[in-house]
Amino acid sequence: MATATTYKSVEADGPTYGGLSVITVERIKLFSTRSPWWCMVIAAFLTVGFAALTTGFLKGADEQQATIFITQPGAQLSQMVMMVMAALAVTTEYRFGTIRTSFQAVPQRAALLLGKTAVVAFLAAVVGLIASFGAWGVGSLFASNADLAINTGAEWRLLAGQGLVFAISAVFAVAVGILIRQSAGAIAILILWPLLVENLVNLIPKVGDDLARWAPFANGSSFLNQGQDFGLAGQGAGGSDFALSPWWALLYFAGWAAALMLIALFSASRRDA
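Residues numbered from 1 in each chain as written. Predicted model: local features only at pLDDT ≥ 70, side-chain atom pairs only at ≥ 80, totals over all residues. Heavy atoms only, no water.

**A look at the nonpolar core**
With 66 residues, the main nonpolar core has Met82, Val120, Leu123, Phe172, Val174, Ile178 and Met261 as its most contacted residues. Element by element, the count of residues in this core is highest for helix α8 (residues 153-180), at 14 residues. (Core = buried A, V, L, I, M, F, W, Y, C linked by side-chain atoms within 4.5 Å. Buried < 20%, exposed > 50% of the residue type's maximum accessible area, 1.4 Å probe, protein only. Helix = DSSP H or I, 4+ residues; strand = E, 2+ residues; numbered from the N terminus.)

**Observations concerning the pattern of salt bridges**
One pass over the full model with this rule turns up five salt bridges. The partner of Lys29 in a salt bridge is Glu26, and the shortest N-O contact between them spans 3.1 Å. Of the two residues, Lys29 and Glu26 are both situated in helix α2 (residues 20-31); the distance of three residues between them amounts to about one turn of the helix. Owing to a relative accessible area of 2%, Glu26 belongs among the buried residues under this scheme. (Salt bridge = Lys/Arg side-chain N within 4 Å of Asp/Glu carboxyl O.)

**Structural notes on a nonpolar patch on the surface**
Taken together, the side chains of Ile191, Leu192, Leu195, Leu196, Val197, Leu200 and Leu203 make up a nonpolar region of the molecular surface, amounting to roughly 590 Å² of accessible area. Relative to the helices and strands, Leu200 resides in helix α9 (residues 183-200). The exposure class of Leu200 is partly exposed, given its relative accessible area of 43%. (Patch = residues over 30% accessible without salt bridge, like charges linked within 9 Å, V, L, I, M, F, W, Y side chains within 5 Å. Areas by Shrake-Rupley, 256 points an atom, 1.4 Å probe, with all protein chains shown as cover.)

**With respect to the packing of helix α3 (residues 35-56) against helix α7 (residues 109-142)**
When two helices pack together, their arrangement is given by the angle between the helix axes and the distance between those axes. One way to put it is that α3 packs onto α7 with a least axis distance of 8 Å and a crossing angle of 20°. Put simply, α3 runs roughly parallel to α7. You can see that α3 and α7 cross each other, and the crossing is right-handed. Residues Met40, Ala43, Ala44, Thr47, Val48, Ala51, Ala52, Thr55 and Gly56 of α3 pack against Leu123, Val127, Ala131, Ser132, Gly134, Ala135, Val138, Gly139 and Phe142 of α7. The residue inventory of the contact of α3 with α7, partitioned by class, reads 12 nonpolar, six polar and no charged. (Axes fitted to C-alpha atoms, helices over the stretch in contact; angles between N-to-C directions. Parallel < 35°, antiparallel > 145°, perpendicular 65-115°, else oblique. Left-handed = near helix turned anticlockwise from the far one by under 90°. Contact = heavy atoms within 4.5 Å. Nonpolar A, V, L, I, M, F, W, Y, C, P; charged D, E, K, R; others polar.)

**Brief notes about α3**
It helps to recall that an α-helix has 3.6 residues per turn; residues three or four apart then point in one direction. Its 22 residues give α3 an end-to-end C-alpha distance of 30 Å, which sits within 8% of 32 Å, the value for a rise of 1.5 Å per residue. When we look at burial in α3, the residues that qualify are Pro36, Cys39, Met40, Ala43, Thr47, Ala51 and Thr55. One side of α3 holds all its buried residues, which, seen down the axis, span an arc of 115°. For α3, exposure combined with an orientation more than 90 degrees from the buried face picks out Trp38, Val41, Phe45 and Leu53. (Expected span 1.5 Å × (residues − 1). Arc of directions from axis to C-beta.)

**Looking at the packing of aromatic side chains**
According to the stated counting rule, one finds 11 aromatic pairs in the structure shown. Considering the side-chain rings of Phe172 and Phe253, the 5.5 Å spacing of their centres and the 25° angle between planes classify their relative orientation as stacked. In this pair, Phe172 is assigned in helix α8 and Phe253 in helix α12 (residues 246-270), connecting sequence segments 81 residues apart. Grouping aromatic residues by their ring pairs yields a cluster made of Phe172, Trp193, Phe217, Phe253 and Trp256. The ring of Phe223 carries Arg157 above its face, with NZ or CZ at 5.9 Å from the centroid. (Phe/Tyr/Trp six-rings, centres within 6.5 Å; stacked < 30°, edge-to-face > 60°. Lys NZ or Arg CZ within 6 Å of the ring centre and 35° of its normal.)

Nothing here speaks to function; it is all geometry.
Rendered as C-alpha cells:
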C-alpha cells in the first residue's frame, strides 16, 4: 500500500506518470531499503581496499613501476556488487508482490521499468566514479614515489570510464532481473556470466578465441584496458587481443544491454505480474 500511496502523491504533480515523476518515485523506493546502501558501501570499499593492498606494500623499484592500472584491481568485483544491487531492485518487488501495485499505479509498464533502470544506472555510475578515483587517490598516497599522475586519454578512460561501465552493467542486471524475476537465479547469472561463462568460451575448439573477443563484458573491459601501461601487473593483465577500438567496444557493450532490456520490456508487457 505504501507504493500505491507514493504513486498517488506523484500523480497530483501532473497528468502523466512519465519522466521525472516516475524517476522520483523509484528513487524513493530504492533508498527506502537497506540493500542499496550496503551494496554501495561494499562496492566502494572493495575498489579502494584492493588499491590499498596492491600499493601499500610496494617498495623501491616496484613502487616506481606502479601505474594507475594497478590501483583498479577491485573494480570488477565492485561492478558485480552493483549488478547485484540493480537486480535486487527488480526481483525484490516481484518477490513481495509490490510490482503488481506499481503496475496498477503506472499502467505503462515500460515507463515504470525504464524509470527504475535510469535510477539504478545513475547510482551505479556515481559509485563507479567515486570508487575508481578513490582507489587512484589511495594508490597515490601509498605509492607516493610512483608516477600516478593522469597524463593520457587512456588513463582518464580507465578511471572516468568506470562510471560508464558500471551504468551499462546495471542496465544488464535490471534486464536480467525483469526476465528471471527471482533473486537467486538472477544473481547467479550475473556473476557467472562475466566471471565464468565468457572465460569458458575460450575452450571451444577452433572458434573459442574469436567468440570470446565478442563477449559483451569482455568488450566492457576492453574499453577500459586498451592503451594502459600495465606495469607490475604484466603486459597481458588487461588483455591484448581486442576486437574493437575502445569507444566502439563500449558501444558494442551498450548495444548488448539495450537489446537485453528491449527483450525484458517486451516480456514484462506480455507476462502477468
